[in-house]
Amino acid sequence: MSEQTKYFLEEDRLPEAWYNIAADISFPVPPLLHPQTKEPTKLPPPLFCDALIEQEESKERFIEIPEPVRDVLRLWRPTPLFRARRLEEALDTPAHIYYKYEGVSPPGSHKPNTAVAQAFYSKQAGVKKLTTETGAGQWGSALSFACNLFDMACKVYMVKISYQQKPYRRVMMQTWGGDVTPSPSEETRAGRAILEKDPDCLGSLGMAISEAVEVAAMDDEAKYSLGSVLNHVLLHQTVIGEESLDQMEMAGEYPDVVIGCVGGGSNYSGLAFPFLRDRLTNGRETKFVAAESTACPTMTKGVYAYDYGDTAHMAPIAKMDTVGHTFVPAGIHAGGLRYHGMAPLISALHREGYIEPRAYPQLTAFDAGLQFASTEGIIPAPETSHAIAATIEEALKAKEAGEERVLLFGFSGHGHFDMAAFEAYFADELEDYEHPEQAIKDAMCQLPDVPACE
């Protein structure tokens, strides 16, 4: 039995606190704005419980994880850190490739790290029901799982294209008691307004957010829950990076490059922020690479500006990298990478030069995912495959330079419910898609701080 295996079987090394990177950022991160008044605001109390609002605003470096939350996290945490030796051999690279495997959670991704925390705090506040949106279904399944554990109802609006592409994600949510509706729907004013204009609309996360927020706002016993973007969500995910720091120390190495896929930013923040702490406070020269989709190039082609968080202008306005809240994504299979905006914290770090974004086409990501599956055996989710594409690119750069570099990437979730996507890939039915720059320019006319368009 390896020392690494003993570590996971014998020791309870689950972090006792979440890391709040806001405590170590020396540059300003612009505040949220009220969607109607455009004035600085906090998260709206009708939608979020007080504990989460406090965490959203906190500048405290470490926030203790409640023991009931740690007790649930112990079902699958600490998650394993593996070295991808067979992938290294296939690439003939001197790089050492490590990956933090979040696919061992019950829903199969990193998402329950925050779903459990949000459900716990909401339950403590007397909330009976949580509403949310989901793209590919990882978040919806995670929140359904967490609500089931805390005896709460869960209402999920799932982006319609993903609802059609990933039926077993829907079944997973229903298994844990989640009530799932394809979005846009006839159940809400926001959904009906969208369908009136476009009856065949495939949906977007911005639209699904509008529906979930509307339902929560009209129910005194309900609150809204978000799976990415907001500060408290990123905070809860830092158990990933805190464990990874400990595990990399056990391996006797430290990453030269930390890599992850980004949609709203939660899984990457969870892995990267504890390592970024070393760069922010100690000047350690680690590189941070964020891999997104060319179909939703939020960081690589978007604008850093205040934008609405949802299509119906109900959620707070955030300063973030954005391709515009009117964005309707192409039907790519990486549903978790199709949100129009990036987390404000990641956006600010990107604009200050701490994070390097890269965009990858769908086929490049699937090629990388297939190579990983053929060497390491685990089938990655389409989102995770973007991180693998960036990792392979870095490994080949190390080969070209003849340098031994240590690479760490976040394996955000397995692809066991994405077999339809791989079936389409093998049948040559998948296509690359690059979001048009003109569409981004047009969307910028709809930003809340743009007074008019010519």
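A brief structural summary. (Residues numbered from 1 in each chain as written. Predicted model: local features only at pLDDT ≥ 70, side-chain atom pairs only at ≥ 80, totals over all residues. Heavy atoms only, no water.)

**Some remarks on the environment of Leu370**
Here comes step 1: By secondary structure assignment, the location of Leu370 is in helix H15 (residues 362-376).
Here comes step 2: It is 27 Å that separates the C-alpha atoms of Leu370 and Lys301, two residues lying 69 residues apart in sequence.
Here comes step 3: If we ignore the near neighbours within four places in the chain, the residues touching Leu370 are Tyr425 and Phe426. (Helix = DSSP H or I, 4+ residues; strand = E, 2+ residues; numbered from the N terminus. Contact = heavy atoms within 4.5 Å.)

**Topic: the nonpolar core**
Here comes step 1: Formed by 89 residues in total, the largest nonpolar core has its most connected members in Trp18, Tyr224, Tyr268, Phe273, Phe275 and Ile355.
Here comes step 2: By residue number, the principal contributor to this core is helix H10 (residues 205-217), which donates seven residues.
Here comes step 3: Contacts of Tyr224, omitting those with residues within four sequence positions, involve Leu47, Phe48, Thr131, Thr132, Glu133, Ile209, Ala212, Val213 and Ala216.
Here comes step 4: By size, the runner-up hydrophobic cluster in this structure holds 27 residues, among which are Leu91, Tyr101, Ala387 and Ala398. (Core = buried A, V, L, I, M, F, W, Y, C linked by side-chain atoms within 4.5 Å. Buried < 20%, exposed > 50% of the residue type's maximum accessible area, 1.4 Å probe, protein only.)

**Regarding the sheet that holds strand E3 (residues 81-83)**
Here comes step 1: Spatial strand order, E3-E4-E14-E9-E10-E13: six strands in an open sheet with mixed pairing. Edge positions in the sheet fall to E3 and strand E13 (356-360), since each has one partner strand and no second. Strand-to-strand twist across the sheet, computed as the mean angle between neighbouring axes with direction ignored, equals 25 degrees.
Here comes step 2: Alignment of E3 against strand E4 (residues 96-101), held across three bridges, turns out to be antiparallel. Its bridge partner being in E4, Arg83 is matched across the sheet by Tyr98.
Here comes step 3: Packed on one face of the sheet, helix H13 (residues 266-282) meets E4, strand E9 (257-261), strand E10 (287-293) and strand E14 (406-411) and runs near 160 degrees to E9. (Pairing = 2+ DSSP bridges. Axes fitted to C-alpha atoms, helices over the stretch in contact; angles between N-to-C directions.)

**A short note on helix H12 (residues 239-251)**
Here comes step 1: The end-to-end C-alpha distance of H12 is 18 Å, a good match for the 18 Å that 13 residues give at a rise of 1.5 Å each.
Here comes step 2: Counting buried positions over the 13 residues of H12 gives 10, a clear majority of the element.
Here comes step 3: Among the residues of H12, those classed as buried are Val239, Ile240, Gly241, Glu242, Glu243, Ser244, Leu245, Asp246, Gln247 and Met248.
Here comes step 4: Backbone geometry just downstream of H12 places Gly252 in the positive-phi region, at approximately 75 degrees. (Expected span 1.5 Å × (residues − 1).)

**A closer look at the pairing of E9**
Here comes step 1: With respect to burial, E9 is a largely interior element, five of its five residues being buried.
Here comes step 2: Here E9 shows no split at all, with Val257, Ile259 and Cys261 on one side and Val258 and Gly260 on the other all buried.
Here comes step 3: On the question of chirality, the crossover connecting E9 to the parallel E10 by way of H13 is right-handed.
Here comes step 4: As judged from the three bridges shared by E9 and E14, these two strands associate in the parallel manner. Across the sheet, residue Val258 finds its bridge partner in E14, namely Leu408. (Right-handed = clockwise from strand over helix to strand, strands pointing away.)

Fair warning: the whole summary comes from geometry, so function is off the table for now.
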